[in-house]
Amino acid sequence: ASTEGLGATAGFSAYSAAKAGVIGLTRSLAVELGKFGITVNCICPGRVETPFVKKRISEYPDPQKAYAEMAATQAVGRMGTPEEIAAAVLYLASDEAAFVTGTAFEIDGGFAVGDAQKLGGQADHRVLVGGPAAVGMGHFPHGGDHADAVFQRDPVLDHAGEAHGVRRLCLDHL
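Residues numbered from 1 in each chain as written. Predicted model: local features only at pLDDT ≥ 70, side-chain atom pairs only at ≥ 80, totals over all residues. Heavy atoms only, no water.

**Side note on the overall build of the chain**
- Broken down by element type, the chain carries six helices and four strands.
- Each helix and strand of the chain, ordered N terminal to C terminal, gives the series α-β-α-α-α-β-α-α-β-β.
- Counting across all 174 residues of the chain, residues that qualify as buried make up 42%.
- In the chain, the proportion of contacts linking residues at least 24 apart, taken out of those at least 6 apart, comes to 63%.
- Surface accessibility of the chain: about 8800 Å² in total, with carbon and sulfur atoms responsible for 58%. (Helix = DSSP H or I, 4+ residues; strand = E, 2+ residues; numbered from the N terminus. Buried < 20%, exposed > 50% of the residue type's maximum accessible area, 1.4 Å probe, protein only. Contact = heavy atoms within 4.5 Å. Areas by Shrake-Rupley, 256 points an atom, 1.4 Å probe, with all protein chains shown as cover.)

**Quick look at helix α1 (residues 13–33)**
- With 21 residues, α1 should cover 30 Å at 1.5 Å per step; its first-to-last C-alpha distance of 30 Å lies within 8% of that length.
- Of all the positions in α1, only Ser16, Lys19, Val22, Ile23, Thr26, Leu29, Ala30 and Leu33 are classed as buried. Around the axis of α1, the buried residues are gathered within 155 degrees of arc, so they sit on the same side. Away from its buried face, by an angle of more than 90 degrees, α1 presents the exposed residues Ser13, Ala14, Ala17 and Val31. (Expected span 1.5 Å × (residues − 1). Arc of directions from axis to C-beta.)

**Some remarks on the nonpolar core**
- With seven residues, the main nonpolar core is built from Ile43, Val48, Ile85, Ala88, Val89, Leu92 and Ile107.
- No other element matches helix α4 (residues 82–93), which puts four residues into this core.
- Among the nonpolar cores identified, the runner-up in size contains six residues, and Ala1, Val22, Cys42 and Cys44 belong to it. (Core = buried A, V, L, I, M, F, W, Y, C linked by side-chain atoms within 4.5 Å.)

**Considering the environment of Ala1**
- Summarising the element assignment, Ala1 is placed in the segment before α1.
- Classification of Ala1 as buried rests on a relative accessible area of 0%.

**Considering the environment of Thr39**
- Along the polypeptide, Thr39 turns up in strand β1 (residues 39–45).
- Residue classification places Thr39 among the buried positions, given a relative accessible area of 6%.
- Distance from Thr39 to Thr26, taken between C-alpha atoms, is 9.4 Å for residues 13 residues apart in sequence.

**Quick word on the packing of aromatic side chains**
- Following the criterion strictly, the structure yields one aromatic pair and no others.
- Taken together, a centroid distance of 6.4 Å and an interplanar angle of 75 degrees make the contact between Tyr91 and Phe105 edge-to-face. Note that Tyr91 is positioned in helix α4 and Phe105 in strand β2 (residues 104–107), a separation of 14 residues in sequence.
- Residue classification places Tyr91 among the partly exposed residues on the basis of a relative accessible area of 34%. (Phe/Tyr/Trp six-rings, centres within 6.5 Å; stacked < 30°, edge-to-face > 60°.)

**With respect to the side chain of Arg47**
- Among the secondary structure elements, Arg47 is positioned in the loop between β1 and α2 (51–58).
- Polar side-chain contacts of Arg47 include one of 3.2 Å to the side chain of Thr73. (Polar contact = N/O pair within 3.5 Å; in protein donor to acceptor, adjacent residues only side chain to side chain.)

**What to know about the environment of Phe99**
- Structurally, the position occupied by Phe99 is in the loop between α4 and β2.
- Distance from Phe99 to Gly37, taken between C-alpha atoms, is 10.0 Å for residues 62 residues apart in sequence.

**Describing the confidence of the model for the chain**
- Across the chain, pLDDT averages 74, with 65% of residues at or above 70.
- Taken together, the stretch residues 116–170 has pLDDT below 50 and engages in 137 contacts with residues farther than four places along the chain or on a different chain. (pLDDT = per-residue confidence, 0-100.)

**Re the pairing of β1**
- The buried count for β1 comes to seven of seven residues, which makes it a mostly enclosed element.
- Covered by surrounding structure in β1 are Thr39, Asn41, Ile43 and Pro45 together with Val40, Cys42 and Cys44, the residues of both alternating faces.
- The sheet contact formed by β1 and β2 spans four bridges and is parallel. Paired with Cys44 across the two strands is Glu106, which belongs to β2. (Pairing = 2+ DSSP bridges.)

Structure (structure tokens):
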């Protein structure tokens, strides 16, 4: 999902609606799959300093000024790192989050609670999604491009719609 799914920025109606849809899907799936012991959550990142964002910043006439303006939209005064987002995803996939379901987990350095849209406009939302299994299979692109994925620890549903061995789902950028 995205912080944009929790609010709105002028000129981004379709993007906001799409991300709000991911949040709605997350909540609906949490209700539908809870009886199988499945928790479903989505993450709503703020600005994250990924290779994609770094490349875009480098294209500005004054990259240092552009970075400073983007970082200033975060209450903590900086962009997040892919590792910080990944740590939150790993938490949602852990046993410690067994009672967390149907949430839109804001990992945004205070972007959504401040007046960030007035300060800096639209954020670039790129997130690494993975878990222990994804890391082990090399699907966790540290320093690489962003990953848009449905996180799953085990197979989710068989052909008959039965849940098997599912622990957590974390939806991002569907």
